Amino acid sequence: MPLVLNGATSGSTTIQATDAVTATLTLPSSTGTLLSTANPQSGGVIQVVQGTTTTNTSTSSTSFVSTNLTASITPKFSTSKILALVTGGDLDTQSNGAQGCATIYRGASNLGNATGLENNYSSGTRLITPNSMSIIDSPATTSSTTYAVY
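To start, this report covers the structure provided alongside it. Along each chain, residues carry numbers from 1 onward, in the same order as the chain's sequence is written. With the structure being a predicted model, the display of local features is reserved for residues of pLDDT at least 70 and the display and counting of side-chain atom pairs for 80 or more, all residues being used for whole-chain, interface and lining totals. Excluding hydrogens and water, the side-chain values take into account all heavy atoms of the structure.

### Some details on the nonpolar core
Formed by Ile73, Ile82, Ala84, Val86, Leu91, Ala102, Ile104, Leu111, Met133, Ile135, Tyr147 and Val149, the largest nonpolar core amounts to 12 residues. Put simply, DSSP H or I for four residues or longer makes a helix, DSSP E for two residues or longer makes a strand, and each gets a number counted from the N terminus. Where this core is concerned, the elements lending two or more residues are strand E4 (82–92), strand E9 (128–137) and strand E10 (145–149). Tallying contributions element by element places E4 first for this core, with four residues. The contact criterion used throughout is that any non-hydrogen atoms of two residues lie within 4.5 Å. Apart from residues lying up to four places away in sequence, Ile135 is in contact with Ile82, Leu83, Ala84, Ile104, Leu111 and Leu117. Take the buried residues of types Ala, Val, Leu, Ile, Met, Phe, Trp, Tyr and Cys, join any two whose side-chain atoms come within 4.5 Å, and each joined set is a nonpolar core. Buried means the residue's accessible area, taken with a 1.4 Å probe over protein chains only, is under 20% of the maximum for its type, while exposed means over 50%, and partly exposed covers the values in between.

Rendered as structure tokens:
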């Protein structure tokens, strides 16, 4: 026999017994808040996605250019925060007196500033540095969202 839980002001939830022979329903012995889609737990990691590449991107452009390092995620809630982490690979100025910059884009929006999130400048010799950057984003959507390194 199912158990029906009625909400304080509206709605209800039906729970079916887990043991059909004894019709036993076991609930936790502690008190607290029932978590649901409408009342999710905050502060936890809900999902993780990963993008990888082994392809180099080279440019002499003074603007950001796209790479093939991307990852797409569909936020569970419109209030979800996305932590984008980029690690690995090198940012190489290729020559003396050059500047190397990298940033993270969400769609067509640069999440860094005009010079990006990772920036190095070679004042006298070629400079090769590990690339590592991160940003916390609030995309305010539950639609698929793509993050890309430029």
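### Things to note about the pattern of salt bridges
Think of a salt bridge as a Lys or Arg side-chain nitrogen and an Asp or Glu carboxyl oxygen that are within 4 Å of each other. Counted by the stated rule, this structure contains two salt bridges. Across the pair Arg106 and Asp137 runs a salt bridge whose closest N-O atoms are separated by 2.5 Å. Pair noted here: Arg106 is in strand E6 (residues 104–106) and Asp137 is in strand E9, with a separation of 31 residues, a long-range link. With relative accessibility at 23%, the residue Arg106 sits in the partly exposed group.

### Thoughts on the side chain of Asn131
Relative to the helices and strands, Asn131 is located in strand E9. On the accessibility criterion, Asn131 (10% relative accessible area) is buried. With residues up to four places along the chain from it excluded, the contact list for Asn131 reads Val86, Thr87, Gly88, Gly89, Asp90, Leu91, Ala102 and Glu118.

### Let's talk about a nonpolar patch on the surface
Among the surface-exposed residues, Leu83, Leu85 and Ile136 lie close enough to one another that they form a single nonpolar patch of about 350 Å² accessible area. Mapped onto the fold, Ile136 is located in strand E9. In this structure Ile136 comes out as exposed when scored by relative accessible area, which is 61%. Only residues whose relative accessible area exceeds 30% and that form no salt bridge are eligible for patches; like-charged ones are grouped when within 9 Å, while nonpolar side chains (Val, Leu, Ile, Met, Phe, Trp, Tyr) are grouped when within 5 Å. Values of accessible area rely on a 1.4 Å probe in the Shrake-Rupley scheme; residue burial ignores everything except the protein chains shown.

### Notes on the side chain of Asp137
Judged by relative accessible area, which is 8%, Asp137 ranks as buried. Distance and chemistry together define a polar contact, namely a pair of N or O atoms within 3.5 Å, with one atom able to donate a hydrogen and the other to accept it when in protein, and with adjacent residues in sequence counting only for side-chain atoms on both sides. Looking at Asp137, its side chain comes within polar contact range of the side chain of Tyr147, at 2.7 Å. When sequence neighbours within four positions are dropped, the list of residues in contact with Asp137 reads Ser80, Lys81, Ile82, Arg106, Leu111 and Tyr147.

### With respect to the sheet that holds strand E3 (residues 70–73)
The strand order E3-E10-E6-E7 describes an open sheet built from four strands, whose pairing is antiparallel. Two strands in the sheet have a free side with no partner beyond their single neighbour: E3 and strand E7 (109–110). A strand pair is defined by DSSP finding two or more bridges across the two strands. Note that E3 and E10 share four bridges and pair antiparallel. Bridging from a neighbouring strand, Ile73 pairs with Thr145 of E10.

### Observations concerning the pairing of strand E8 (residues 118–121)
In E8, alternate side chains face the same way, and those of Glu118 and Asn120 are buried while those of Asn119 and Tyr121 on the opposite face are not. For strand E5 (residues 99–102) and E8, the ladder comprises four bridges, and the chain directions are antiparallel. Across the sheet, the residue bridging to Gln99 is Tyr121, located in E8.

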